[in-house]
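Inside the fold
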Amino acid sequence: MEFVEPEDEPGLFRNPLPPDDRLWRHPSEVGAGLPSNLLGPDLPGGAPAGAVDDDSRPSMWLVAAVSAVSAGLLATGLVMVTVGLVGANDQLRPAVERQMEPRPIDAVSTGVVDVADRAREAVAQLRLEGTSTVVGSGVIFRSDGHMLTSASVIGTASRVRVRLDSGRELSGRVVGSDPDTDIAVIKIDGDGPFPTAVMGTTVGLRVGEQAIAIGCPIELVGGPSVTVGVISALHRAVQRGAGGMLFDLVQTDARVPTGWPGGALLDSSGSVIGITTSVGTATTGIGGFGFAIPIDLARSVADQLIATGRVTGVWLGVKGGDLDGATAAALDLTGGAVVGEVMAGSPADHVGLAPLDTIVALDGVPVTSMGQLVVALRQRRPGDVVHLDVIRDHQRLAMVVVLTERPAPA
């Protein structure tokens, strides 16, 4: 192949720029400090022509030196940007460092981060010591240090320790608890104000909305933990061992691990919509779900506990379950609350309610389950008069009942 010399250049090699205009200089152009045998022939200070053997030529020394430096830099993991020789008509190209792209964060993730940052200060770890030691969580809802928690973690506690998100540890005391709703209140000792959570509502809450659970795992330091899911169902009734049923619970697939009872269930805005409970988490078939007491009920119970130390609930005096679908269809009903047992001396006993009766309406509002009946009665007060529609032997009966105060547990 024949080499064609560029038309705008007189020779194969370009003439170098003057030393003062270049970033790099040959050692011979510096001169001082170099041994004479390293300077080429016919250069100032160099050995006479022919006095330098082939092994000590400058080009070979430079190649060795550059190779050694390059190997050292590569061995230590350093990155070196090399700039090629440029001619008089070329321009220097700036060396560009690679910029790492930031990790993309979608709107949902950003929302969870913001919610967690705002809410975690109001969620604390509780250590309750009595006949046994129980660890749970609590949500500060008043700046004076009143906290909502689950009644299941209170037990026979005689000593309460509260560890805040900041790591500060304070003593506390049990104000009161209501096992029927699994809600309790604890008061932190010490001067406030304490950070508080934003209280929301379950009114208008829909299945599929985002749910964020915050609680304090057992014995782990470093503040609350966060899990994320959706609202899986509403108005759930869940058996709690020998303690009866809990009604109108919010169900979520956001995990509520051991140690989280009493923590907060939040909506996407960061408002508390429920207080988590351990009820149902170990039940066969629903172990992947968590449950929470609706915040509207929790606040109502808490206000009574703070004011009087107890909850004044109404008493109808029945136990039972839900009308099965086949029977409801045969009776042309959407559901009902089937009476299984009537308490002696109760308001229900006084009006003649009997086992196998089915309550289908209260004050004209349809009742489709025992849970719905319980929730409806929570809106009443002792002394209120209610009208019940009852199905007995395919006959519809009307009963008027005067509610009384729920007796204290035996």
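Counting of residues starts from 1 at the beginning of each chain's written sequence and follows it residue by residue. In keeping with the model being predicted, local features are shown solely for residues with a pLDDT of at least 70 and side-chain atom pairs are shown and tallied solely at 80 or more, while totals for entire chains, interfaces and linings include all residues. For the side-chain quantities, the full set of heavy atoms in the structure was used; hydrogens and water were omitted.

Concerning the confidence of the model for the protein chain
Values of pLDDT, the confidence the predictor places in each residue, fall between 0 and 100. The predicted model of the protein chain has a mean per-residue pLDDT of 78, with 69% of residues at 70 or higher. A contact between two residues is defined here by any heavy atoms of the two lying within 4.5 Å. The model gives residues 1-13 a pLDDT under 50, and that stretch makes five contacts with residues more than four places away or in other chains. Scored below 50 in pLDDT, residues 32-105 shows 42 contacts in the model against residues more than four places distant or in partner chains.

Observations concerning the nonpolar core
Buried Ala, Val, Leu, Ile, Met, Phe, Trp, Tyr and Cys residues that are joined via side-chain atoms within 4.5 Å together make up what is termed a nonpolar core. Summary of the burial criterion: residues with accessible area below 20% of their type's maximum are buried, those above 50% are exposed, and those between are partly exposed, where the area comes from a 1.4 Å probe applied to protein chains only. Counting residues in each nonpolar core, the largest one holds 32 residues, and the members touching the most others are Leu148, Ile183, Leu266, Val272 and Ile275. For helices the rule is a DSSP run of H or I covering at least 4 residues; for strands it is a run of E covering at least 2, with both sets numbered from the N terminus onward. The set of elements that each furnish at least two residues to this core consists of helix H3 (107-119), strand S6 (183-188), strand S7 (210-215), strand S9 (245-252), strand S10 (264-266), strand S11 (272-277), strand S12 (290-294) and helix H4 (295-308). If one sorts the elements of this core by residue count, H4 sits on top with six residues. Val314, Leu362, Met370 and Leu403 belong to the second-largest nonpolar core, a separate cluster that totals 21 residues.

Let's talk about the pattern of salt bridges
For side chains of opposite charge, pairing can occur when their charged atoms come near one another. We define a salt bridge as a side-chain nitrogen of Lys or Arg found within 4 Å of a carboxyl oxygen belonging to Asp or Glu. Per the stated rule, a full pass over the model turns up 12 salt bridges. Residue Glu169 pairs with Arg161 through a salt bridge whose shortest N-O separation is 3.3 Å. The class of Glu169 is partly exposed, set by a relative accessible area of 38%. With a closest N to O distance of 3.3 Å, Asp178 and Arg406 form a salt bridge. Of this pair, Asp178 sits in strand S5 (residues 169-178) while Arg406 sits in the segment after strand S20 (404-405), and the two are 228 residues apart along the sequence. Taken together, the shared-partner salt bridges connect Arg127, Glu129 and Arg159 into one network.

Thoughts on the sheet that holds S10
At least two DSSP bridges between two strands are needed for those strands to be called paired. Read around the closed barrel, six strands run S7-S8-S9-S12-S11-S10, paired in antiparallel fashion. Pairwise comparison of adjacent strand axes, ignoring direction, gives a mean angle of 50° for this sheet. By the bridge criterion, three bridges tie S9 to S12 in an arrangement that is antiparallel. Bridging across to S12, Val250 finds its partner in Ala292. The convention used is that axes are lines fitted to C-alpha atoms, helices contributing only their stretch in contact, and that angles between N-to-C directions extend from 0 to 180 degrees. Helix-sheet contacts for H4 involve S11 and S12, and the interaxial angle to S12 is about 50°.

Let's talk about the environment of Pro355
Following the sequence through the fold, Pro355 ends up in the loop between helix H6 (347-351) and strand S16 (358-362). The sequence separation of Pro355 and Val342 amounts to 13 residues, and the corresponding C-alpha distance is 6.8 Å. Those residues in contact with Pro355, other than ones at most four positions away along the chain, are Val339, Gly340 and Val342.

So, the side chain of Asp178
Judged by relative accessible area, which is 5%, Asp178 ranks as buried. Think of a polar contact as two N or O atoms within 3.5 Å of one another; within protein, one of them needs to be a possible hydrogen donor and the other a possible acceptor, and neighboring residues in sequence only count if both atoms come from side chains. In terms of polar contacts, Asp178 uses its side chain to reach the side chain of Thr181, at 2.6 Å. Contacts of Asp178, omitting those with residues within four sequence positions, involve Ala151, Ile183, Val301, Leu305, Val311 and Arg406.

Some remarks on helix H7 (residues 370-377)
What H7 keeps buried is the set Met370, Gly371, Leu373 and Leu377. For H7, the angular spread of the buried residues around the axis is 160°, confining them to a single face. Buried residues belonging to H7 abut S9, strand S13 (314-315), strand S14 (318-322), strand S15 (337-342) and S16. For this quantity, the arc is that covered by the directions from the helix axis to the C-beta atoms.

Quick word on the sheet that holds strand S4 (residues 159-163)
Ordered by their spatial adjacency, six strands build a closed barrel running S1-S2-S3-S6-S5-S4, and the pairing between neighbours is antiparallel. Across this sheet, the average inter-strand angle for adjacent strands is 40°, counted without regard to direction. Bridge analysis of S4 against S5 gives four bridges, and the strand direction is antiparallel. Considered in S5, the bridge of Arg161 is made with Ser171.

Observations regarding a nonpolar patch on the surface
Patch membership is restricted to residues that have no salt bridge and whose relative accessible area is over 30%. Joining uses 9 Å for like charges and 5 Å for the nonpolar side chains Val, Leu, Ile, Met, Phe, Trp and Tyr. Exposure was quantified through the Shrake-Rupley algorithm and a 1.4 Å probe, taking into account, for residues, occlusion by the shown protein chains and nothing else. Together, Val385, Val400 and Val402 make up an exposed nonpolar region whose accessible area comes to about 240 Å². When you line up the elements, Val400 lands in strand S19 (residues 395-402).

Considerations on the pairing of strand S2 (residues 133-140)
Each regular strand shows side chains that alternate between the opposite faces of the sheet. Where burial is concerned, most of S2 is hidden: six out of the eight residues are buried. Pairing of strand S1 (residues 123-129) with S2, which is carried by seven bridges, proceeds in the antiparallel orientation. Residue pairing across strands places Arg127 opposite Val135, the latter belonging to S2. Hairpin connection between S1 and S2: a loop of three residues separates the two successive antiparallel strands. Alignment of S2 against strand S3 (residues 146-150), held across two bridges, turns out to be antiparallel. Residue Ile140 lies in a different strand from S3, and its bridge partner there is Met147. Between S2 and S3, which pair antiparallel and follow one another directly, the connecting turn spans five residues, one of which, Gly145, has a positive phi of 105°.

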